[in-house]
Amino acid sequence: MAPPGDLREWIGLLEREGELIRVSAEVDPHLEVTEIVDRVVKAGGPALLFENPKGSSHPLLVNQFGTERRMCLAFDADSLDDVGRRLGDVLEMQPPQGLVDKVKGLKKLKSIADSQPKTVRSGPSQEVVLTGDEVDLSALPVQTCWPGDAAPFITLPAVITKDPRTGGRNVGMYRMQILDRRSTAMHWQIHKDGRADYLLADGKLEVAVALGLDPVTAYAASAPLPKHVDEFMLAGFLRGEPVELVPGKTVDLEVPANAEIVLEGYIAKDDLTTEGPFGDHTGYYSPAEPFPVFHVTAITTRRNAIYPSIVVGKPPAEDAWLGKATERIFLPAIRMSVPEIVDYDLPVAGAFHNCCIVSIRKSYPGHAQKVMHAIWGLGLLSLTKSVVVVDEWVDVHDYNEVFFRVGANVDPKRDVLLSEGPLDHLDHAPTLQFYGGKIGIDATHKGPEEGARPWPQEIVMSDEVRRLVDERWGEYGIANGASEADGRDKGALRQLLRR
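Since the model is a prediction, treat every value here as computed from it, not as a measurement. (Residues numbered from 1 in each chain as written. Predicted model: local features only at pLDDT ≥ 70, side-chain atom pairs only at ≥ 80, totals over all residues. Heavy atoms only, no water.)

### Thoughts on the packing of helix 3 (residues 68-75) against helix 9 (residues 319-329)
Move 1: Between helix 3 and helix 9, whose axes approach to 10 Å, the crossing angle comes to 60 degrees. With respect to helix 9, the axis of helix 3 lies oblique. The hand of the helix 3/helix 9 crossing is right-handed. For the pair formed by helix 3 and helix 9, the contact residues are Glu68, Met71 and Phe75 on the first element and Trp321, Leu322, Ala325 and Ile329 on the second.
Move 2: Looking at the contact of helix 3 with helix 9, its residues break down into six nonpolar, no polar and one charged. (Axes fitted to C-alpha atoms, helices over the stretch in contact; angles between N-to-C directions. Helix = DSSP H or I, 4+ residues; strand = E, 2+ residues; numbered from the N terminus. Parallel < 35°, antiparallel > 145°, perpendicular 65-115°, else oblique. Left-handed = near helix turned anticlockwise from the far one by under 90°. Contact = heavy atoms within 4.5 Å. Nonpolar A, V, L, I, M, F, W, Y, C, P; charged D, E, K, R; others polar.)

Quick look at the structure:
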C-alpha cells in the first residue's frame, strides 16, 4: 500500500483504521476547537474532522499527526526508523564493487530520479479560482487557538518561494496571522530559508501557500532540509511517487496539484507589520515583533475544500510527532556527519531545540565534548541549548535511565561544558534574543585519561540467572502476569515520557 495521494485519501485511510472522528456539531474555531483538540491530543485520541465549523462552509481537520501510529500510517511504514532507513540507504551509497552492487545502485539512483516533482497541466487544487475582490480569507475556518493570540493564525501551511539568485525552490512551514480579507503576516524567523529568500529579493518576492496536502508532503514542509534540497523531492522519495505540480494562476511558482487550498500572492520588500502574540510550541506566547506582509492575489481551491490546522502549545501537542518523525528520519543523515553517534532523542518536553540526548561510541578522552560541538555546528541542531552525552549501551529514549547516568556519572566540575552560540528565535530565556548560553553534560563512563579515579563496575545480573528465573517463573507462585505487567508499565512510562 502506497502512502495516501492527497488529503482526501488520507482522511479515508484514517477513517477505515478507526483513527478519525467526524464532529457534526457546530464548533467555533475561536478557542473552542483548541480546547477540544488539546484534550484529545493529550489523551492520545483520534484525528478530528469538524464538519460544521462556525462561520465557514469548509470542514476543519485537526490532529491528523497526533500519534506515532498515525505518523507510521502516513508513511506506510511499520516504524519511523524504517522511514529513516529508506533515506539512509541513499545517503550511504558507495561505489559499486560488482554486478549485484551495480544493479542495486541503479535502482537507488532511479528511485531518486523518480522522486523529482512532476509538472502537469491542471489539477484539482484549481477547480475554483478566486481573484481580486473575490479573495476573502475570512471564508476559511482559521483558528484563534489561545486567548492571548493577536488574531486567527494559519498554522499548517506549505509556504513556497524561490531563491532570487538560483531559482531554487524552498518549501517551509511558517505560521501566518490573518490581517484582513486579503493579507496575512508571514512569520519568517531569522534562521529560516524563507527569510533568506525574502532578504535577497529585489522589490518583491512571489509566494504561494498550499493548504491541505497529503500527509507526507505536509510533513516535508516542516523538515529541516539544507537550502539546496527541494522539499517536494523529499516528499516524492518518501512517498515512492512524485509530487504533481501545476503553474500558479497569478504567480510564477508551481503549486501542488492535489492541494485543497492554495493562496497566491507576494511580499514587498520592507513591507512589515506587527505579528503576534501567538501561543507557541514552547508553551509560552511569543511576543509581538515586526514581520513581512503577505498580500493575497488569488485563492484557488478544490470544490468543497477541506481546511487543515494544527494546535501547538504546552507539550505534548500534535506537533510532537512531526518532530519525532524528523528525529527518526534524519538520524542516518546525522550519522553521516558524526559517525560515532549511535542514537539521539529530542525530548518533546524540551520543545525539540532545548535539549538533545545523544549516545556515542566513545573512543578517546574528550570524545563527548567533540560530539557536543559537532551538534552545535549541525544545521538547525546548532540552535540546541543543552546536549547530554551517554555511552552507546544507554537507551536515549528511556529518560529514567538517562537521568540515572547524569546523576551517577557526572562530576559537574569536570563534565559540564558551558559555551555560547545561536539560539532559537522563540527561546525567551536568553538575555539577548537569538544568542546565549549552552550547556553540555558528559554522562559517559570516564577513564584515567580524563582525570577519573578507577571506575566502578556497574551492577548487572548474569545472563545465566536471568534465563533461569525466566524458565522457572511459573514455579514461584507469583502472579503470572507480574513480570509481563512490569514490562508493560515500563513501556507505558517510557512512552508517556517520550510524548
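Now that the structure has been shown, the text picks up again.
### Concerning the sheet that holds strand 3 (residues 60-62)
Move 1: Spatial strand order, 1-2-3-19: four strands in an open sheet with mixed pairing. In the strand order of this sheet, the two ends are held by strand 1 (20-23) and strand 19 (307-308), each with one partner.
Move 2: Of the strand pairs in this sheet, strand 2 (residues 47-50) and strand 3 are connected by three bridges, and their pairing is antiparallel. Residue pairing across strands places Leu49 opposite Leu61, the latter belonging to strand 3. (Pairing = 2+ DSSP bridges.)

### Considerations on the confidence of the model for the protein
Low-confidence regions, as indicated by low pLDDT, have predicted coordinates that should not be scrutinised in detail.
Move 1: On average, residues of the protein carry a pLDDT of 91, and 91% of them reach 70 or more.
Move 2: Note that residues 482-488 has pLDDT below 50 and, in this model, two contacts with residues that lie over four places away or in other chains.
Move 3: When the criterion is pLDDT under 50, residues 493-499 qualifies, and its contacts beyond four places in sequence or with other chains add up to 21 contacts. (pLDDT = per-residue confidence, 0-100.)

### As for the pattern of salt bridges
Move 1: All told, the structure shown has 35 salt bridges when counted by the stated rule.
Move 2: The closest approach of N and O atoms between Arg328 and Asp81, which form a salt bridge, is 3.0 Å. One end of the pair, Arg328, is in helix 9; the other, Asp81, is in helix 4 (residues 80-91), with 247 residues separating them in the sequence. (Salt bridge = Lys/Arg side-chain N within 4 Å of Asp/Glu carboxyl O.)

### Here's the deal with the sheet that holds strand 12 (residues 244-247)
Move 1: Reading across from one edge, 4-12-13 is the order of the three strands in this open sheet, with mixed pairing throughout. Since the sheet does not close on itself, it has two edges, and those belong to strand 4 (118-119) and strand 13 (254-256), each with one partner.
Move 2: Note: strand 12 against strand 13, three bridges, orientation antiparallel. Looking at strand 13, one finds that Pro247 is bridged to Glu254.

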